[in-house]
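Report on the structure
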Amino acid sequence: MSSALNWKGWSTIALVVGALVIAVFSMPRLESTGPTLSGPEAVALGTAGHELELEALDTGTGLRSLQVRIVSGGGGQTVYDETYAGNLITGAVDSGSTRVAIPLDPRALSLADGTSTLIVTARDWSWRDAGAGNRSEITVQLDVDTKPPRIQTTTGLTYIYRGGAAAATYRVDENTARDGVRVGDRFYPGYPAPGNLGGTGDRVAFFAVEVHAPRDPEIRLEAEDAAGNVATASLNVRLNERRFSEEHLNLSKRFFDRVVPSLAEHTGVTKPNNVEAFQVINRDIRARDEARIQELVAESDPQRYWSETFTQLPNSKVMSRFAEQRRYFESGNEISQATHYGFDLASRAAAPVTAANSGRVIFADDLGIYGNCVLVDHGMGITSLYGHLTDFAVKAGDMVERGQSLGRTGATGLAGGDHLHFAILVGGTYVDPLEWWDARWIQSHIEVKLAAAGR
Ligand SMILES: [Zn+2]
(Lines give C-alpha, C1' and ligand atoms only; values in the text may rest on other atoms or scores of the structure.)
Protein backbone atom coordinates (compact mmCIF):
# COMPACT_ATOMS: atom_id res chain seq x y z
CA MET A 1 0.00 0.00 0.00
CA SER A 2 1.28 3.44 -0.88
CA SER A 3 1.16 6.04 1.86
CA ALA A 4 -1.95 8.23 2.13
CA LEU A 5 -0.02 11.32 1.23
CA ASN A 6 2.08 11.66 -1.84
CA TRP A 7 4.43 14.51 -2.79
CA LYS A 8 1.52 16.67 -3.95
CA GLY A 9 -0.32 16.15 -0.71
CA TRP A 10 2.68 17.16 1.39
CA SER A 11 3.36 20.28 -0.62
CA THR A 12 -0.28 21.35 -0.30
CA ILE A 13 -0.04 21.04 3.48
CA ALA A 14 3.22 22.98 3.47
CA LEU A 15 1.62 25.77 1.44
CA VAL A 16 -1.41 25.94 3.73
CA VAL A 17 0.78 25.99 6.84
CA GLY A 18 3.02 28.63 5.28
CA ALA A 19 0.08 30.80 4.36
CA LEU A 20 -1.29 30.45 7.89
CA VAL A 21 2.07 31.45 9.41
CA ILE A 22 2.23 34.50 7.15
CA ALA A 23 -1.38 35.38 7.91
CA VAL A 24 -0.87 35.05 11.66
CA PHE A 25 2.36 37.07 11.45
CA SER A 26 0.93 39.76 9.23
CA MET A 27 -2.33 40.28 11.15
CA PRO A 28 -0.73 42.67 13.63
CA ARG A 29 1.24 44.25 10.74
CA LEU A 30 -2.11 45.21 9.22
CA GLU A 31 -3.47 46.95 12.36
CA SER A 32 -5.57 49.96 11.44
CA THR A 33 -5.12 52.29 14.44
CA GLY A 34 -3.04 55.38 13.70
CA PRO A 35 -0.71 57.11 16.19
CA THR A 36 -2.25 59.13 19.01
CA LEU A 37 -1.22 62.78 18.78
CA SER A 38 -1.57 65.40 21.46
CA GLY A 39 -0.67 69.06 21.53
CA PRO A 40 -2.15 72.44 22.44
CA GLU A 41 -5.35 73.67 20.82
CA ALA A 42 -3.79 77.01 20.02
CA VAL A 43 -0.41 78.69 20.24
CA ALA A 44 0.13 82.45 20.63
CA LEU A 45 3.45 83.32 19.05
CA GLY A 46 5.20 86.56 19.94
CA THR A 47 8.61 88.02 19.13
CA ALA A 48 10.29 85.86 21.77
CA GLY A 49 9.12 82.69 19.99
CA HIS A 50 7.55 79.59 21.48
CA GLU A 51 8.33 75.89 21.82
CA LEU A 52 5.51 73.79 20.41
CA GLU A 53 5.24 70.70 22.61
CA LEU A 54 3.83 67.58 20.99
CA GLU A 55 3.42 63.99 22.06
CA ALA A 56 2.99 61.02 19.71
CA LEU A 57 2.32 57.42 20.67
CA ASP A 58 1.54 54.30 18.66
CA THR A 59 0.88 51.15 20.67
CA GLY A 60 0.49 48.96 17.54
CA THR A 61 3.42 48.85 15.16
CA GLY A 62 5.02 51.96 16.63
CA LEU A 63 5.67 55.52 15.48
CA ARG A 64 7.25 55.85 12.04
CA SER A 65 7.25 59.55 11.26
CA LEU A 66 6.14 62.94 12.53
CA GLN A 67 5.69 66.05 10.46
CA VAL A 68 4.59 69.61 11.26
CA ARG A 69 3.55 72.09 8.59
CA ILE A 70 2.38 75.67 8.86
CA VAL A 71 -0.41 76.43 6.43
CA SER A 72 -1.62 79.96 5.86
CA GLY A 73 -3.50 81.69 3.07
CA GLY A 74 -0.35 82.21 1.04
CA GLY A 75 0.94 78.62 1.19
CA GLY A 76 2.76 76.33 3.55
CA GLN A 77 6.13 75.37 4.97
CA THR A 78 7.42 72.34 6.82
CA VAL A 79 8.87 73.15 10.23
CA TYR A 80 9.49 69.61 11.43
CA ASP A 81 9.98 66.33 9.57
CA GLU A 82 11.34 63.29 11.36
CA THR A 83 11.41 59.58 10.56
CA TYR A 84 12.00 57.20 13.43
CA ALA A 85 14.03 53.95 13.46
CA GLY A 86 12.10 50.80 12.58
CA ASN A 87 10.94 48.61 9.66
CA LEU A 88 7.85 46.93 8.25
CA ILE A 89 8.75 43.50 9.70
CA THR A 90 9.37 44.31 13.36
CA GLY A 91 7.88 47.84 13.62
CA ALA A 92 9.39 50.74 15.56
CA VAL A 93 12.64 50.24 17.48
CA ASP A 94 11.43 52.54 20.23
CA SER A 95 7.80 51.76 21.07
CA GLY A 96 7.33 54.34 23.84
CA SER A 97 5.74 57.74 23.50
CA THR A 98 7.70 60.42 21.68
CA ARG A 99 7.81 63.98 22.97
CA VAL A 100 9.18 66.79 20.90
CA ALA A 101 9.56 70.51 21.54
CA ILE A 102 9.69 72.34 18.23
CA PRO A 103 11.03 75.91 18.42
CA LEU A 104 8.89 78.38 16.50
CA ASP A 105 10.49 81.74 15.78
CA PRO A 106 8.27 84.11 13.79
CA ARG A 107 11.24 85.98 12.32
CA ALA A 108 13.19 82.85 11.28
CA LEU A 109 10.03 81.42 9.72
CA SER A 110 9.11 84.76 8.08
CA LEU A 111 5.64 84.59 9.62
CA ALA A 112 3.38 87.60 9.27
CA ASP A 113 1.06 88.62 12.10
CA GLY A 114 -2.27 86.83 11.89
CA THR A 115 -3.84 83.42 12.28
CA SER A 116 -2.64 80.33 10.46
CA THR A 117 -2.80 76.59 11.09
CA LEU A 118 -0.21 74.08 12.21
CA ILE A 119 -0.93 70.64 10.75
CA VAL A 120 0.69 67.81 12.69
CA THR A 121 0.75 64.42 10.96
CA ALA A 122 2.17 61.08 12.04
CA ARG A 123 2.40 57.60 10.52
CA ASP A 124 3.05 54.17 12.04
CA TRP A 125 4.77 51.02 10.71
CA SER A 126 1.51 49.27 9.72
CA TRP A 127 1.23 47.72 6.24
CA ARG A 128 -1.95 49.69 5.66
CA ASP A 129 -2.18 52.34 2.95
CA ALA A 130 -0.06 50.20 0.60
CA GLY A 131 2.72 49.99 3.20
CA ALA A 132 2.83 53.72 4.03
CA GLY A 133 1.22 53.15 7.44
CA ASN A 134 -1.81 54.55 9.23
CA ARG A 135 -1.95 58.34 9.19
CA SER A 136 -3.12 60.58 12.05
CA GLU A 137 -3.53 64.33 12.02
CA ILE A 138 -4.26 67.13 14.46
CA THR A 139 -4.38 70.85 13.83
CA VAL A 140 -3.19 73.64 16.12
CA GLN A 141 -4.32 77.23 15.70
CA LEU A 142 -1.31 79.51 15.38
CA ASP A 143 -1.79 83.16 16.31
CA VAL A 144 1.23 85.20 15.36
CA ASP A 145 1.41 88.55 17.14
CA THR A 146 4.75 90.33 17.10
CA LYS A 147 3.31 93.69 18.08
CA PRO A 148 3.79 94.49 21.79
CA PRO A 149 0.81 95.96 23.63
CA ARG A 150 0.81 99.70 24.15
CA ILE A 151 0.78 100.97 27.69
CA GLN A 152 0.77 104.61 28.63
CA THR A 153 0.44 106.41 31.92
CA THR A 154 -2.48 108.72 32.63
CA THR A 155 -1.06 109.55 36.06
CA GLY A 156 0.95 112.65 36.89
CA LEU A 157 3.68 112.84 39.49
CA THR A 158 3.02 110.34 42.27
CA TYR A 159 4.49 110.47 45.76
CA ILE A 160 4.98 107.28 47.72
CA TYR A 161 6.56 106.53 51.07
CA ARG A 162 8.69 103.52 51.82
CA GLY A 163 6.23 101.13 53.48
CA GLY A 164 3.37 103.00 51.82
CA ALA A 165 1.10 102.66 48.81
CA ALA A 166 0.00 104.62 45.75
CA ALA A 167 -2.36 104.31 42.80
CA ALA A 168 -1.35 104.45 39.14
CA THR A 169 -3.76 104.91 36.27
CA TYR A 170 -2.82 104.01 32.72
CA ARG A 171 -4.21 102.86 29.40
CA VAL A 172 -3.64 99.67 27.40
CA ASP A 173 -4.63 99.22 23.75
CA GLU A 174 -5.26 95.47 23.69
CA ASN A 175 -6.35 92.62 25.93
CA THR A 176 -3.34 91.73 28.02
CA ALA A 177 -2.31 88.59 29.87
CA ARG A 178 -1.09 90.90 32.64
CA ASP A 179 -0.53 94.61 33.14
CA GLY A 180 0.35 96.71 36.13
CA VAL A 181 3.19 98.33 38.02
CA ARG A 182 6.58 96.76 38.61
CA VAL A 183 8.49 97.83 41.72
CA GLY A 184 11.87 96.10 41.71
CA ASP A 185 11.18 92.37 41.59
CA ARG A 186 7.54 92.71 42.66
CA PHE A 187 4.65 93.08 40.23
CA TYR A 188 1.35 94.74 41.15
CA PRO A 189 -1.46 93.77 38.75
CA GLY A 190 -3.88 96.35 37.42
CA TYR A 191 -7.67 96.20 37.14
CA PRO A 192 -10.22 97.93 34.93
CA ALA A 193 -10.69 101.50 36.15
CA PRO A 194 -14.17 102.16 37.60
CA GLY A 195 -16.53 102.53 34.67
CA ASN A 196 -14.31 100.57 32.29
CA LEU A 197 -15.91 97.18 31.64
CA GLY A 198 -13.46 95.85 29.06
CA GLY A 199 -9.98 94.35 29.13
CA THR A 200 -8.53 97.34 27.28
CA GLY A 201 -8.70 101.05 27.96
CA ASP A 202 -8.30 102.71 31.34
CA ARG A 203 -6.80 100.64 34.12
CA VAL A 204 -5.73 101.21 37.70
CA ALA A 205 -3.07 99.47 39.79
CA PHE A 206 -2.36 99.91 43.47
CA PHE A 207 1.31 99.43 44.23
CA ALA A 208 3.61 99.64 47.24
CA VAL A 209 7.24 99.98 48.21
CA GLU A 210 8.06 97.21 50.64
CA VAL A 211 9.67 98.23 53.94
CA HIS A 212 12.87 96.34 53.08
CA ALA A 213 12.88 97.11 49.32
CA PRO A 214 16.30 98.10 47.90
CA ARG A 215 17.22 101.76 48.05
CA ASP A 216 16.13 102.97 44.60
CA PRO A 217 13.74 100.36 43.25
CA GLU A 218 12.82 100.66 39.60
CA ILE A 219 9.14 101.61 39.36
CA ARG A 220 7.51 101.32 35.93
CA LEU A 221 4.42 100.25 34.03
CA GLU A 222 4.48 96.84 32.38
CA ALA A 223 2.10 94.98 30.08
CA GLU A 224 2.35 91.52 28.50
CA ASP A 225 0.02 90.11 25.86
CA ALA A 226 -1.01 86.49 25.28
CA ALA A 227 1.87 86.02 22.81
CA GLY A 228 4.40 87.00 25.48
CA ASN A 229 5.27 90.43 24.02
CA VAL A 230 6.22 92.75 26.88
CA ALA A 231 5.94 96.53 26.84
CA THR A 232 7.07 98.94 29.53
CA ALA A 233 6.44 102.61 30.14
CA SER A 234 7.82 105.01 32.68
CA LEU A 235 5.88 106.22 35.67
CA ASN A 236 6.75 109.47 37.38
CA VAL A 237 7.12 108.39 41.00
CA ARG A 238 8.98 110.10 43.81
CA LEU A 239 9.87 107.76 46.67
CA ASN A 240 10.15 109.35 50.08
CA GLU A 241 12.55 107.44 52.28
CA ARG A 242 11.48 106.72 55.81
CA ARG A 243 13.11 105.16 58.83
CA PHE A 244 11.29 102.79 61.09
CA SER A 245 11.72 102.64 64.83
CA GLU A 246 13.47 99.86 66.64
CA GLU A 247 11.71 98.19 69.52
CA HIS A 248 13.36 96.04 72.21
CA LEU A 249 11.06 93.44 73.67
CA ASN A 250 12.08 91.81 76.92
CA LEU A 251 10.18 88.55 76.95
CA SER A 252 8.85 87.56 80.37
CA LYS A 253 9.05 84.26 82.19
CA ARG A 254 5.28 84.14 82.02
CA PHE A 255 5.49 84.42 78.20
CA PHE A 256 7.91 81.48 77.98
CA ASP A 257 5.96 79.42 80.53
CA ARG A 258 2.45 80.03 79.23
CA VAL A 259 2.39 81.32 75.64
CA VAL A 260 5.29 79.47 74.00
CA PRO A 261 4.55 75.85 75.07
CA SER A 262 0.94 75.83 73.87
CA LEU A 263 1.83 77.64 70.60
CA ALA A 264 4.74 75.21 70.04
CA GLU A 265 2.41 72.26 70.48
CA HIS A 266 -0.24 73.88 68.29
CA THR A 267 2.20 74.59 65.44
CA GLY A 268 4.07 71.27 65.69
CA VAL A 269 7.37 72.71 66.98
CA THR A 270 9.35 70.37 69.21
CA LYS A 271 12.47 71.84 70.83
CA PRO A 272 14.26 70.95 74.08
CA ASN A 273 13.52 74.35 75.63
CA ASN A 274 11.07 77.21 75.23
CA VAL A 275 13.65 79.76 74.05
CA GLU A 276 14.57 77.55 71.09
CA ALA A 277 10.89 76.83 70.46
CA PHE A 278 10.20 80.57 70.36
CA GLN A 279 13.11 81.11 67.94
CA VAL A 280 11.70 78.48 65.57
CA ILE A 281 8.17 79.88 65.85
CA ASN A 282 9.29 83.47 65.29
CA ARG A 283 11.39 82.54 62.25
CA ASP A 284 10.12 79.36 60.55
CA ILE A 285 6.45 79.34 61.57
CA ARG A 286 6.25 83.08 60.82
CA ALA A 287 7.72 82.46 57.35
CA ARG A 288 5.30 79.57 56.77
CA ASP A 289 2.33 81.73 57.81
CA GLU A 290 3.44 84.63 55.62
CA ALA A 291 3.73 82.25 52.65
CA ARG A 292 0.17 81.10 53.34
CA ILE A 293 -1.01 84.74 53.42
CA GLN A 294 0.71 85.35 50.07
CA GLU A 295 -1.25 82.42 48.60
CA LEU A 296 -4.51 83.72 50.06
CA VAL A 297 -4.14 87.28 48.73
CA ALA A 298 -2.70 86.29 45.33
CA GLU A 299 -6.11 86.58 43.61
CA SER A 300 -8.15 89.66 44.41
CA ASP A 301 -11.58 90.58 43.09
CA PRO A 302 -11.41 93.14 40.25
CA GLN A 303 -14.15 95.39 41.63
CA ARG A 304 -13.57 98.00 44.28
CA TYR A 305 -15.81 97.07 47.22
CA TRP A 306 -15.18 100.21 49.26
CA SER A 307 -15.70 103.92 48.89
CA GLU A 308 -15.10 105.30 52.38
CA THR A 309 -11.98 105.64 54.52
CA PHE A 310 -10.77 102.53 56.34
CA THR A 311 -11.49 102.48 60.07
CA GLN A 312 -9.37 101.70 63.10
CA LEU A 313 -10.75 99.33 65.77
CA PRO A 314 -13.25 101.48 67.73
CA ASN A 315 -12.07 102.84 71.11
CA SER A 316 -8.66 101.27 70.69
CA LYS A 317 -5.25 102.38 71.85
CA VAL A 318 -2.19 101.94 69.62
CA MET A 319 0.23 99.57 71.34
CA SER A 320 2.58 99.01 68.43
CA ARG A 321 3.01 100.68 65.05
CA PHE A 322 3.70 99.54 61.50
CA ALA A 323 7.15 98.21 60.58
CA GLU A 324 8.72 98.45 64.01
CA GLN A 325 12.00 96.57 63.89
CA ARG A 326 11.54 94.20 66.79
CA ARG A 327 14.46 92.72 68.72
CA TYR A 328 13.53 90.06 71.22
CA PHE A 329 15.49 89.60 74.48
CA GLU A 330 15.48 86.88 77.09
CA SER A 331 17.43 87.52 80.32
CA GLY A 332 19.34 90.29 78.52
CA ASN A 333 20.32 88.15 75.52
CA GLU A 334 18.99 88.93 72.05
CA ILE A 335 17.35 85.74 70.81
CA SER A 336 15.31 86.78 67.73
CA GLN A 337 14.29 89.60 65.37
CA ALA A 338 11.26 90.38 63.22
CA THR A 339 9.57 93.24 61.42
CA HIS A 340 6.13 94.03 62.82
CA TYR A 341 4.01 94.49 59.70
CA GLY A 342 0.87 95.85 61.35
CA PHE A 343 -0.67 97.81 64.19
CA ASP A 344 -1.36 96.32 67.60
CA LEU A 345 -4.61 97.80 68.89
CA ALA A 346 -5.89 97.25 72.41
CA SER A 347 -9.41 97.80 73.60
CA ARG A 348 -11.22 95.95 76.39
CA ALA A 349 -10.86 92.15 76.37
CA ALA A 350 -13.03 90.31 73.84
CA ALA A 351 -14.03 93.58 72.16
CA PRO A 352 -15.88 93.32 68.84
CA VAL A 353 -13.52 93.41 65.85
CA THR A 354 -15.09 95.37 63.03
CA ALA A 355 -14.35 95.22 59.30
CA ALA A 356 -12.19 98.25 58.42
CA ASN A 357 -14.07 98.53 55.16
CA SER A 358 -16.50 96.63 52.92
CA GLY A 359 -15.28 93.53 51.18
CA ARG A 360 -15.36 89.77 50.90
CA VAL A 361 -14.04 87.47 53.67
CA ILE A 362 -11.43 85.22 52.06
CA PHE A 363 -10.20 83.52 55.24
CA ALA A 364 -11.51 82.99 58.79
CA ASP A 365 -9.50 80.26 60.46
CA ASP A 366 -6.41 79.43 62.48
CA LEU A 367 -3.24 80.96 60.97
CA GLY A 368 -0.28 79.98 63.18
CA ILE A 369 1.34 83.01 64.83
CA TYR A 370 -1.71 85.12 63.95
CA GLY A 371 -4.00 82.72 65.85
CA ASN A 372 -7.64 82.99 64.81
CA CYS A 373 -7.33 85.28 61.82
CA VAL A 374 -9.68 86.94 59.33
CA LEU A 375 -8.66 88.25 55.91
CA VAL A 376 -10.99 90.59 53.99
CA ASP A 377 -10.48 91.23 50.27
CA HIS A 378 -11.52 94.80 49.45
CA GLY A 379 -10.94 94.28 45.72
CA MET A 380 -8.22 95.49 43.32
CA GLY A 381 -5.48 93.86 45.40
CA ILE A 382 -6.24 95.45 48.78
CA THR A 383 -6.64 93.12 51.77
CA SER A 384 -7.06 93.73 55.52
CA LEU A 385 -5.91 91.25 58.17
CA TYR A 386 -7.22 90.77 61.73
CA GLY A 387 -5.18 88.53 64.06
CA HIS A 388 -5.35 86.92 67.56
CA LEU A 389 -9.20 86.73 67.64
CA THR A 390 -11.07 84.82 70.33
CA ASP A 391 -13.76 83.69 67.91
CA PHE A 392 -15.33 84.37 64.52
CA ALA A 393 -18.58 86.06 63.51
CA VAL A 394 -17.97 85.42 59.78
CA LYS A 395 -16.79 82.65 57.50
CA ALA A 396 -14.82 82.58 54.24
CA GLY A 397 -16.99 83.74 51.35
CA ASP A 398 -19.12 86.17 53.40
CA MET A 399 -19.58 89.70 52.09
CA VAL A 400 -19.09 92.21 54.90
CA GLU A 401 -19.96 95.87 55.31
CA ARG A 402 -17.66 98.47 56.78
CA GLY A 403 -18.07 98.29 60.59
CA GLN A 404 -19.61 94.80 60.58
CA SER A 405 -18.40 92.46 63.34
CA LEU A 406 -15.86 89.81 62.29
CA GLY A 407 -15.37 88.28 65.75
CA ARG A 408 -13.88 89.31 69.09
CA THR A 409 -10.36 90.32 70.10
CA GLY A 410 -8.24 87.80 71.97
CA ALA A 411 -4.73 86.46 72.48
CA THR A 412 -4.63 83.41 70.18
CA GLY A 413 -1.37 82.75 68.31
CA LEU A 414 1.83 84.61 69.19
CA ALA A 415 0.33 87.21 71.52
CA GLY A 416 1.24 88.26 75.06
CA GLY A 417 -2.25 89.58 75.85
CA ASP A 418 -5.66 90.48 74.44
CA HIS A 419 -5.27 92.78 71.41
CA LEU A 420 -5.97 93.04 67.71
CA HIS A 421 -3.14 92.74 65.20
CA PHE A 422 -4.35 94.76 62.20
CA ALA A 423 -2.57 94.86 58.86
CA ILE A 424 -3.23 96.02 55.30
CA LEU A 425 -1.70 94.40 52.24
CA VAL A 426 -1.52 95.91 48.77
CA GLY A 427 -0.77 93.33 46.09
CA GLY A 428 0.69 91.07 48.79
CA THR A 429 2.92 93.78 50.32
CA TYR A 430 2.29 95.00 53.86
CA VAL A 431 1.69 98.75 53.94
CA ASP A 432 1.19 101.31 56.68
CA PRO A 433 -2.52 101.32 57.73
CA LEU A 434 -2.15 104.98 58.77
CA GLU A 435 -2.52 105.99 55.12
CA TRP A 436 -5.73 104.00 54.72
CA TRP A 437 -7.19 105.41 57.95
CA ASP A 438 -6.53 108.95 56.72
CA ALA A 439 -9.45 110.52 54.79
CA ARG A 440 -7.19 113.20 53.28
CA TRP A 441 -4.65 110.66 52.03
CA ILE A 442 -7.45 108.54 50.47
CA GLN A 443 -8.83 111.65 48.78
CA SER A 444 -5.56 113.01 47.39
CA HIS A 445 -3.77 109.73 46.58
CA ILE A 446 -6.65 107.55 45.38
CA GLU A 447 -9.98 109.28 44.74
CA VAL A 448 -8.48 112.10 42.68
CA LYS A 449 -6.67 109.59 40.45
CA LEU A 450 -9.61 107.23 40.03
CA ALA A 451 -11.87 110.14 39.13
CA ALA A 452 -9.38 111.37 36.52
CA ALA A 453 -8.97 107.91 34.94
CA GLY A 454 -10.97 107.68 31.76
CA ARG A 455 -11.44 111.39 31.33
ZN1 LIG B 1 1.00 92.70 66.07
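Residues numbered from 1 in each chain as written. Predicted model: local features only at pLDDT ≥ 70, side-chain atom pairs only at ≥ 80, totals over all residues. Heavy atoms only, no water.

**Focus: the coordination of the zinc ion**
Selection criterion: Only N, O and S atoms count as donors, using a 2.8 Å cut-off from the metal and 3.2 Å for Na, K and Ca, and because water is excluded some sites may appear unfinished. When accessible area is computed with a 1.4 Å probe and restricted to protein chains, residues below 20% of their type maximum are described as buried, those above 50% as exposed, and intermediate ones as partly exposed.
Distances from the zinc ion to its protein donors, His340 (NE2), Asp344 (OD) and His421 (ND1), fall within 1.9 to 2.1 Å. Spacing between the donor residues of the zinc ion along the chain follows H-x3-D-x76-H. The class for His340 is buried, based on a relative accessible area of 6%.

**What about the side chain of Glu222?**
Going by this rule: Counting from the N terminus, the helices are DSSP H or I runs at least four residues long and the strands are E runs at least two residues long. Polar contacts, as counted here, are pairs of nitrogen or oxygen atoms within 3.5 Å of one another; within protein the pair requires one atom able to donate a hydrogen and one able to accept it, and residues that are adjacent in sequence qualify only if both atoms are side-chain atoms. Any pair of residues with heavy atoms lying within 4.5 Å of one another is described as a contacting pair.
In this fold, Glu222 is placed in strand 18 (residues 219-224). Residue Glu222 is classed as buried on the basis of its relative accessible area of 3%. There is a polar contact of 2.9 Å between the side chain of Glu222 and the side chain of Arg220. Each residue touching Glu222, except ones within four places of it in the same chain, is listed here: Ile151, Arg178, Asp179, Gly180, Arg182, Phe187, Val230, Ala231 and Thr232.

**Some thoughts on unusual backbone geometry**
One non-glycine residue with positive phi stands out, namely Ala130, at about 55°. Looking at the element boundaries, Ala130 is found in the loop between strand 9 (114-124) and strand 10 (135-144). You can call Ala130 exposed: its relative accessible area is 84%. We note that Ala350 has phi near 55°; this positive angle belongs to a residue other than glycine. With respect to the helices, strands and loops of the structure, Ala350 is situated in the loop between strand 25 (343-346) and strand 26 (352-354). Accessibility expressed as a relative area gives 24% for Ala350, which makes it partly exposed.

**Remarks on the nonpolar core**
Note the cut-off: Definition used in this section: a nonpolar core is a set of buried Ala, Val, Leu, Ile, Met, Phe, Trp, Tyr and Cys residues joined via side-chain atoms within 4.5 Å.
With 92 residues, the main nonpolar core has Phe207, Tyr386 and Trp436 as its most contacted residues. No other element matches helix 3 (residues 274-297), which puts 8 residues into this core. For Trp436, the contacting residues outside a window of four places in its chain are Ala165, Phe206, Trp306, Thr309, Phe310, Ile382, Ile424, Val426, Val431, Trp441, Ile442 and Ile446. One finds Ala56, Tyr80, Leu118 and Ala122 within the second-largest nonpolar core, a separate group that totals 23 residues.

**Thoughts on the packing of helix 2 (residues 253-267) against helix 3**
For clarity, the threshold we go by: As a rule, the C-alpha atoms of each element are fitted with a line to give its axis, helices using only the stretch in contact, and angles between N-to-C directions run from 0 to 180 degrees. Each angle gets one of four labels, with under 35 degrees taken as roughly parallel, over 145 as roughly antiparallel, 65 to 115 as roughly perpendicular, and the rest as oblique. For any pair of crossing helices, the crossing counts as left-handed if the nearer helix is rotated counterclockwise from the farther one by less than a right angle, and right-handed if it is rotated clockwise. Classes in brief: Ala, Val, Leu, Ile, Met, Phe, Trp, Tyr, Cys and Pro nonpolar; Asp, Glu, Lys and Arg charged; the others, Gly included, polar.
Interhelical geometry of helix 2 versus helix 3 gives an angle of 50° and a closest axis separation of 10 Å. In terms of orientation, helix 2 and helix 3 fall into the oblique class. The element helix 2 and its partner helix 3 pack so that their crossing is left-handed. Of the residues in helix 3, those in contact with Phe255, Phe256, Val260, Pro261, Leu263, Ala264 and Thr267 of helix 2 are Asn274, Val275, Ala277, Phe278, Ile281, Ile285 and Arg288. Residues of the contact of helix 2 with helix 3, tallied by class, amount to 11 nonpolar, 2 polar and 1 charged.

**Examining helix 2**
Note: α-helices contain 3.6 residues per turn, so residues at a spacing of three or four share the same orientation. Put simply, the rule reads: Expected helix span is taken as 1.5 Å per residue step, with the number of steps being one fewer than the number of residues. Fitting axes to the seven residues that end at a residue and to the seven that start at it, the angle between those axes gives the bend at that residue.
Here helix 2 spans 21 Å end to end across 15 residues, near enough to the 21 Å set by a 1.5 Å rise per residue. Along helix 2, the sharpest kink reaches roughly 35°, centred on Val260 and followed within four residues by the proline Pro261. Looking only at helix 2, the buried set comprises Phe255, Phe256, Val259, Val260, Leu263, Ala264 and Thr267. Those residues of helix 2 hidden inside the fold are in contact with helix 3, strand 23 (324-330) and strand 24 (333-340). Following helix 2 by one or two positions, Gly268 adopts a phi angle in the positive range, close to 75°.

**A word on the domain arrangement of the protein chain**
Here is the rule: For the purposes of this description, domain bounds are those given by an automatic or database domain assignment.
Each assigned domain of the protein chain is listed with its residue range as follows: domain 1 (30-144), domain 2 (151-240) and domain 3 (246-432). Taken over C-alpha atoms, the centre of domain 1 sits 55 Å from the centre of domain 3.

**Points about the packing of aromatic side chains**
Cut-off, in case you're wondering: Two aromatic rings from Phe, Tyr or Trp, using only the six-membered ring of Trp, form a pair when their centres are within 6.5 Å; if the ring planes differ by under 30 degrees the pair is stacked, by over 60 it is edge-to-face, and anything between is tilted. When the NZ atom of lysine or the CZ atom of arginine is within 6 Å of a ring's centre and also within 35 degrees of its normal, the charge is said to sit over that ring.
Summed over the entire model, instances satisfying the criterion amount to 15 aromatic pairs. A ring pair is formed by Phe255 and Phe256, whose centres lie 5.7 Å apart and whose planes are at 80°; its orientation type is edge-to-face. For the pair Phe255 and Phe256, a shared accessibility class is recorded, and that class is buried. An aromatic cluster is defined as three or more aromatic residues linked by ring pairs; in this entry it consists of Phe206, Trp306, Phe310, Trp436 and Trp441. It is Arg178 that lies over the ring of Phe187; its NZ or CZ is 4.7 Å from the centre. One Lys or Arg, Arg304, reaches over the ring of Trp306 and ends 4.2 Å from the middle of that ring.

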